[in-house]
Amino acid sequence: MKISADREVCISAGNCVMAADAVFDQDEDGIVVLLVDDVPEEEEDHAREAVRLCPSQALRIVD
Amino acid sequence: MTQAPELPPLHMRRDTFNPTAELREIRETDGVRTITSAFGMDVFLVTRHEDVKTVLSDHERFSNGRPPGFVVPGAPNIPEEEQASARAGNLLGLDPPEHQRLRRMLTPEFTIRRMKRLQGRVVEIIDAQLDTMGKAGPPADLVANFALPIPSLVICELLGVPYDDRDDFQRRTARQLDLSLPIPERMELQRQGRAYMRSLVERARQQPGEDILGMLVREHGHELTNDELIGMASLLLLAGHETTSNMLGLGTLALLRHPDQLAAVRDDPDAIGPAVEELLRWLSIVHSAIPRITSTDVEIAGVGIPAGRLVFVSLPSGNRDPEFIDSPEVLDIRRGAPGHLAFGHGVHHCLGAPLARMEMRIAFPALLRRFPTLALAENFTDVPFRSFHFIYGLKSLEVAW
């Protein structure tokens, strides 16, 4: 599974890091950073949750 | 003459912790209905979880900005220039891209990593406050000794507000948000608040400290007017005072009414994370998000709303929508309630959410471990709820141990 993160749209709520800290991080400005190119299988549920929880819809599952 | 209303507007009515049945009835039938706001205006109230999200994530059709000439009935006539100055820097009243410009200046101060660095200081503040409460009672007022001072001390420290100014500030903001006071009085309090904040901003311009105001002056001072700095700081201070403190007071009462769940929060270190989320959902202390204005004709839940009308979204109702969560009326701290709307949704999602979460995750277990026999020291029916406040909560809470 691959995820795209739109750093322009991100509002730094931090919900993605709470939901899946193996997949997402925040840079010093609070903007989302993807930690992996491919989401490992065991993290897919967490990553899906993060996409669902993002308040600014900055995250998408791309494939 | 403005008289104190007998009942708060429909979307703010509660029966202790719970929204009233009237709100549920709207959610279960029409979904969207016109009600009368606290200012006597007709507004469209949106009550379902998905519809709340739709409104809050669509700033093109549901704008935070106010069209020219928009007036709140009963508000004193304020010159346009003064209004513009009072609006500057208030992120809640802005739409993208202007909103994003200001928000991005603040987000570095509220990252999860930044919160981890703050944690030690927050623990110290909480421990000191628990010492104070221990000396004050039993019995003691948990609101005055615990719920109010902790978030207040934390946000004042973050912003660089002198300790001695805290009491005045707290009194002013609490009254400012009390809907039973006449609008002119509340506007006067708002003016006093801004005058105070102006003094802090002017000081930070001269001598920027290590706090958020100092950071804003150092990093963005050339691109921000004093009005914007005042607006941003006022919003942070208000949001930092009035929200977490009410969650701590009301949340403690909720746990006292659910002793098995209280015991879990006290005894199981893994319980607090999900417990805070469920308390946020179940209590939904922010009765409605900032009103939006339709920029075009829209339809929500099959109800047509013409352009230029006010729309309220009910966060408590959205958070108790059975389409969102099973058994929504039940408090169940184990479930964690991911996707709740207590911090809002869309670009205005609470900036301070990581701070609020950290404070609550430390404060509730610390309180319950310091006073393992904590109990109500008054009848539940005598506990004074703040019925007329924009932010729901308790006026006081007598506890013993």
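Summarised in this report is the structure supplied together with it. (Residues numbered from 1 in each chain as written. Chains lettered and ligands numbered in written order. Predicted model: local features only at pLDDT ≥ 70, side-chain atom pairs only at ≥ 80, totals over all residues.)

Across its full length, chain A carries two helices and four strands. The secondary structure elements of chain A, listed N-terminal to C-terminal, are β-α-β-β-α-β. Against the compact-globule benchmark of 11 Å for 63 residues, chain A has a radius of gyration of 10 Å, which places it among compact chains. For the C-alpha atoms alone, the extent of chain A along its principal axes is close to 30 × 20 × 15 Å. A burial count over chain A gives 43% of its 63 residues as buried. Considering only contacts in chain A between residues 6 or more positions apart, those separated by 24 or more positions represent 62%. (Helix = DSSP H or I, 4+ residues; strand = E, 2+ residues; numbered from the N terminus. Rg over C-alpha atoms; globule rule 2.2 N^0.38 Å. Buried ≥ 20, exposed ≤ 12 C-beta atoms within 10 Å, placed from the backbone. Contact = placed C-beta atoms within 7 Å.)

The partner chain B presents 17 residues to the 15 residues of chain A that form the contact. Among the elements that line the side of chain A that touches chain B, the one with the most residues is helix α2 (residues 44-53) of chain A, at three residues.

This paragraph deals with the sheet that holds strand β3 (residues 32-36) of chain B. Residue and element names in this part refer to chain B. Spatially, the five strands line up as an open sheet ordered β3-β4-β10-β7-β5, and their pairing is mixed. A single partner strand is all that each edge strand has here, and the edge strands are β3 and β5 (62-63). Relative to strand β4 (residues 42-46), β3 is paired through five bridges, and the arrangement is antiparallel. Looking at the pairing, Thr 34 lines up with Phe 44 of β4. Sheet strands in contact with helix α2 (residues 49-56) are β4, β5, β7 (292-294) and β10 (310-313), and its direction is about 130° off that of β10. (Pairing = 2+ DSSP bridges. Axes fitted to C-alpha atoms, helices over the stretch in contact; angles between N-to-C directions.)

Looking now at the sheet that holds strand β12 (residues 398-400) of chain B. All names here are of chain B. Read from one edge of the open sheet, three strands run β6-β12-β11, paired in antiparallel fashion. For this open sheet the edge positions go to β6 (140-141) and β11 (375-376), each flanked by a neighbour on one side alone. Relative to β12, β6 runs antiparallel, the two being bridged by two bridges. In the sheet register, Ala 140 faces β12, and the bridge partner there is Val 399.

What follows is about the nonpolar core. Ranked by size, the top nonpolar core spans 122 residues in total, and within it Ala 50 of chain A together with Val 46, Leu 159, Ala 233 and Val 311 of chain B carry the most contacts. The contacts of Val 311 of chain B, once residues within four sequence positions are left out, are Val 43, Phe 44, Val 46, Val 55, Phe 62, Pro 291, Arg 292, Thr 294 and Ile 305 of chain B. (Core = buried A, V, L, I, M, F, W, Y, C linked by C-beta atoms within 7 Å.)

Residues and elements named next belong to chain B. Contact pair helix α9 (residues 183-206) / helix α11 (residues 226-242): the axes reach a minimum separation of 9 Å and the direction vectors enclose 110°. When the axis of α9 is compared with that of α11, the two are roughly perpendicular. Crossing handedness for the pair α9 and α11: right-handed. Residues Gly 193, Arg 194, Met 197, Arg 198, Leu 200 and Val 201 of α9 pack against Asn 226, Leu 229, Ile 230, Ala 233 and Ser 234 of α11. The residue makeup of the contact of α9 with α11, split by class, is six nonpolar, three polar and two charged. (Parallel < 35°, antiparallel > 145°, perpendicular 65-115°, else oblique. Left-handed = near helix turned anticlockwise from the far one by under 90°. Nonpolar A, V, L, I, M, F, W, Y, C, P; charged D, E, K, R; others polar.)

Along the chain, Pro 108 of chain B falls in the loop between α4 (98-106) and α5 (112-136). Pro 108 of chain B sits in the partly exposed class, given 19 other C-beta atoms within 10 Å. Along the sequence, Pro 108 of chain B and Ile 212 of chain B sit 104 residues apart, while their C-alpha atoms lie 9.9 Å from each other. Filtering out sequence-adjacent residues up to four positions away, Pro 108 of chain B remains in contact with Glu 28, Asp 29 and Gly 30 of chain A together with Arg 114 of chain B.

This is a description of form; function is not addressed.
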